[in-house]
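Tertiary structure, described
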Amino acid sequence: MPGQARVKHKWIATSCRPISVVEDDGLELVLQAATGDPSYKLPARRTIIRRIHDQYAAEKASKHEKMVEARCVALTGDHWTSVNNDNYLAVTVHLIDASWELHSFALGVMKTEERHFAEACARQFLDVANQWGITDKRAIVLSLREGGFDGALAKCRKVVGHFRHSPANSDELNVQQASLGQAQEPLVQDVPTRWNSTLEMIRRVRRNRDTLHTTLSQQRHNLALPTNAEYEKLANLEKLLEPCRYITELLGGDKYASFSVVLPALCHLQHAMKISDDDPAYVVRFKAAFTKDLNERKEKINLEWLKVATALDPRFKDLKCLPRAEREPVWAKLSELVKGEEPALQPLGEENPEPPKKKTALLLMGSDSESDEETPEDNTVERYKVEPSASLDQCPLKWWSEHTAVYGKMAHIALKYLGTPATTVPCERLFSLAGHIVQKRRSSLSPENVNKLVCLSDW
């Protein structure tokens, strides 16, 4: 069965199956029954390994072709420790192709022996870049990484733990949920390293408030349940954390342009944390502490890069997320970038037309500039500024694909800035995938095989 032989190694590589599965007599019996061929034999282990290596080489060549065609790439990376206590560096790449489609995939998972010092991490990144031949490209490497609620949250955690750590208690809760006509749902324990887990814990506890009280009233326990005042605090905290959930989910995506959304997102959070006269004292303290922490984090990120990315997103090019005094320097910086950019390449199948002179003149009449010696680059930026802003539900990459011929050099700059991810979430997802491959029963996998299996599963 040639077709089946070709499929088996793909199934093993992409579904995180151990190679030893081909030695499973039960699987062989199932396939014999399915094919109607009692003489069918599974391929040998070495055959599967050879085919996986061949598949990796073919897939890598395909990915490398995308890298060669890309004008700019962005790299993200992070370290991960396996169950065998081995340290790995995972690197992902993000790029926009000639059709203005965003691609994100793994470059490699390499075993490291050194401590996580900046020099060592930089060298490891360069090693990965050299392996993929992207040293001649411009690569961007980045990651954006007190209130009165402590008492109420501590009580929530203890209540949740009471039910999560006991199957009997959990079953009693499910019975009560059914008797009260509620959906049977487990409680959620918040984890410091898991985004939005505190919000979800609060939601579940508040939704099941009556159920929890009824169930606990029938049990012997030493738990202190939240008071009415504390439930009110939890309701206020839920409202405060909801914008954070929205922002983290928005910035954590890798299938759309996320980097240009960072500054509008921070502006949204600052607006949501504005103190009002109706806020209780504990909410005021929380908002003040949240705003202070947000401002401190904002000072540590590359604001200039973020500002240019925001300006290149047709949805946010009005720069309303910035103070008025900071907007004009962004356009000046963008003009400098356009002047220093290499000549725009002519799109395939299209001429690279000059904008009609009459229309350009009309646009210049609406400009604030009084210079009579405006360069074509300045003209490009000015024309872009007076373009109507795109709607919030419009894809900025699609917008640029439709305007590449008009804006030329600016489109090349947009490729670089809009292709950069806002977070290292893609690497975190890669670690989850690697955890399914490097298990206790497979802890002796060689670093080379770990790299190939993780990449094939991601690709």
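Note that the structure is a prediction, hence the values are computed from the model and not measured.

Procedures and definitions
Residues numbered from 1 in each chain as written. Predicted model: local features only at pLDDT ≥ 70, side-chain atom pairs only at ≥ 80, totals over all residues. Heavy atoms only, no water. Helix = DSSP H or I, 4+ residues; strand = E, 2+ residues; numbered from the N terminus. Buried < 20%, exposed > 50% of the residue type's maximum accessible area, 1.4 Å probe, protein only. Areas by Shrake-Rupley, 256 points an atom, 1.4 Å probe, with all protein chains shown as cover. Contact = heavy atoms within 4.5 Å. Core = buried A, V, L, I, M, F, W, Y, C linked by side-chain atoms within 4.5 Å. Pairing = 2+ DSSP bridges. Polar contact = N/O pair within 3.5 Å; in protein donor to acceptor, adjacent residues only side chain to side chain. Expected span 1.5 Å × (residues − 1). Salt bridge = Lys/Arg side-chain N within 4 Å of Asp/Glu carboxyl O. Axes fitted to C-alpha atoms, helices over the stretch in contact; angles between N-to-C directions. Parallel < 35°, antiparallel > 145°, perpendicular 65-115°, else oblique. Left-handed = near helix turned anticlockwise from the far one by under 90°. Nonpolar A, V, L, I, M, F, W, Y, C, P; charged D, E, K, R; others polar. Phe/Tyr/Trp six-rings, centres within 6.5 Å; stacked < 30°, edge-to-face > 60°. pLDDT = per-residue confidence, 0-100. Disulfide = S-S within 2.5 Å.

1. Focus on the overall build of the chain
- Each helix and strand in the chain was counted, giving 19 helices and four strands.
- Burial statistics for the chain: of 459 residues in total, 46% are counted as buried.
- Accessible surface, the chain: about 25300 Å² in total, of which carbon and sulfur atoms supply 51%.

2. Here's the deal with the environment of Leu-430
- Here Leu-430 is to be found in helix α18 (residues 425-437).
- Separated by 28 residues in sequence, Leu-430 and Asp-458 place their C-alpha atoms 7.4 Å apart.
- In contact with Leu-430, other than residues within four places in its own chain, are Ala-90, Thr-92, Ala-106, Val-109, Val-454 and Asp-458.

3. Some points on the nonpolar core
- Among the nonpolar cores identified, the biggest contains 69 residues, and Trp-100, Phe-286, Leu-312, Trp-400 and Met-410 are the most heavily contacted of them.
- Per-element accounting of this core gives the leading share, eight residues, to helix α9 (residues 228-251).

4. Re the pairing of strand β3 (residues 102-112)
- A large share of β3 lies buried, amounting to eight of its eleven residues.
- Here ten bridges tie strand β2 (residues 87-96) to β3, and the two strands are oriented antiparallel to one another. Looking across to β3, one finds that Thr-92 is bridged to Ala-106.

5. Considerations on the environment of Arg-206
- Relative to the assigned elements, Arg-206 resides in helix α7 (residues 197-207).
- Of the residues examined, Arg-206 reaches a relative accessible area of 36% and is grouped as partly exposed.
- In this structure Arg-206 touches Tyr-231, Leu-234, Ala-235 and Glu-238, once residues within four positions along its chain are discounted.
- Of the polar contacts made by the side chain of Arg-206, one reaches the side chain of Glu-238; its length is 2.7 Å.

6. As for the side chain of Asp-279
- Its place among the elements puts Asp-279 in the loop between α10 (262-272) and α11 (281-299).
- Taking the relative accessible area as the measure of exposure, Asp-279 reaches 18% and is therefore buried.
- Here the side chain of Asp-279 touches Ser-276 through a polar contact of 2.9 Å, landing on its backbone nitrogen.
- Side chain to side chain, Asp-279 and Lys-287 meet in a polar contact 2.9 Å long.
- Once residues lying within four places of it in the same chain are set aside, the contact partners of Asp-279 are Lys-274, Val-284 and Lys-287.

7. A few points about helix α19 (residues 447-458)
- The end-to-end C-alpha distance of α19, which contains twelve residues, comes to 16 Å, matching closely the 16 Å that a straight helix rising 1.5 Å per residue would cover.
- Buried within α19 are the following residues: Val-450, Asn-451, Lys-452, Leu-453, Val-454, Cys-455, Leu-456 and Ser-457.

8. Some remarks on the pattern of salt bridges
- The final tally for this structure, using the stated rule, is 19 salt bridges.
- Among the ionic pairs, Asp-293 bridges to Arg-297, the shortest N-O distance being 2.7 Å. Residue Asp-293 and its partner Arg-297 are located together in helix α11, separated by four residues, close to a single helical turn.
- Judged by relative accessible area, Arg-297 falls into the partly exposed class, the value being 47%.
- Across the salt bridge formed by Glu-382 and Lys-385, the nearest N and O atoms sit 3.9 Å from each other.

9. Quick word on the packing of α7 against α9
- Viewed as axis vectors pointing N to C, α7 and α9 meet at an angle of 140°, and their least axial separation amounts to 9 Å. With respect to each other, α7 and α9 are oriented oblique. Between α7 and α9 the crossing geometry is left-handed. For the pair formed by α7 and α9, the contact residues are Thr-198, Leu-199, Ile-202, Arg-203, Val-205 and Arg-206 on the first element and Tyr-231, Leu-234, Ala-235, Leu-237, Glu-238, Leu-241, Glu-242 and Arg-245 on the second.
- A per-class count over the contact of α7 with α9 returns eight nonpolar, one polar and five charged.

10. Section: the packing of aromatic side chains
- Evaluated as defined, the whole model comprises twelve aromatic pairs.
- For the ring pair Tyr-384 and Trp-400, a centre distance of 5.5 Å and an interplane angle of 25° mean the geometry is stacked. Separated by 16 residues along the polypeptide, Tyr-384 in helix α15 (residues 376-385) and Trp-400 in helix α16 (residues 396-407) bring together distant segments of the chain. Each member of the pair, Tyr-384 as well as Trp-400, carries the same accessibility label: buried.

11. Observations regarding unusual backbone geometry
- Positive phi values are uncommon outside glycine, yet Trp-100 reaches one of about 65°.
- Of note in the backbone geometry, Leu-319 takes a positive phi value of approximately 55° without being a glycine.
- Of note, Leu-319 is situated in the loop between α12 (303-311) and α13 (327-340).

12. Considerations on the confidence of the model for the chain
- When pLDDT is averaged across the chain, the result is 78; 85% of the residues are at 70 or more.
- The spread of mean pLDDT over the elements of the chain runs between helix α14 (residues 357-365), the lowest at 40, and α7, the highest at 91.
- A low-confidence stretch, residues 138-145 stays under pLDDT 50, and its non-local contacts, those more than four residues away or across chains, total 27 contacts.
- The low-confidence segment residues 344-375 (pLDDT under 50) makes 28 contacts with residues lying over four places distant or belonging to another chain.

13. Some words on the pairing of strand β1 (residues 72-81)
- Burial within β1 is extensive, with eight of its ten residues counted as buried.
- As judged from the nine bridges shared by β1 and β2, these two strands associate in the antiparallel manner. When the bridges of β2 are listed, Val-73 appears paired with Leu-95.

14. Describing the state of the cysteines
- If you walk through the whole model with that rule in mind, you get zero disulfides.
- Cys-267 provides the cysteine sulfur closest to Cys-321, a residue in no disulfide bond, and the two sulfurs are 6.0 Å apart.
- When its relative accessible area of 15% is taken as the criterion, Cys-321 is described as buried.

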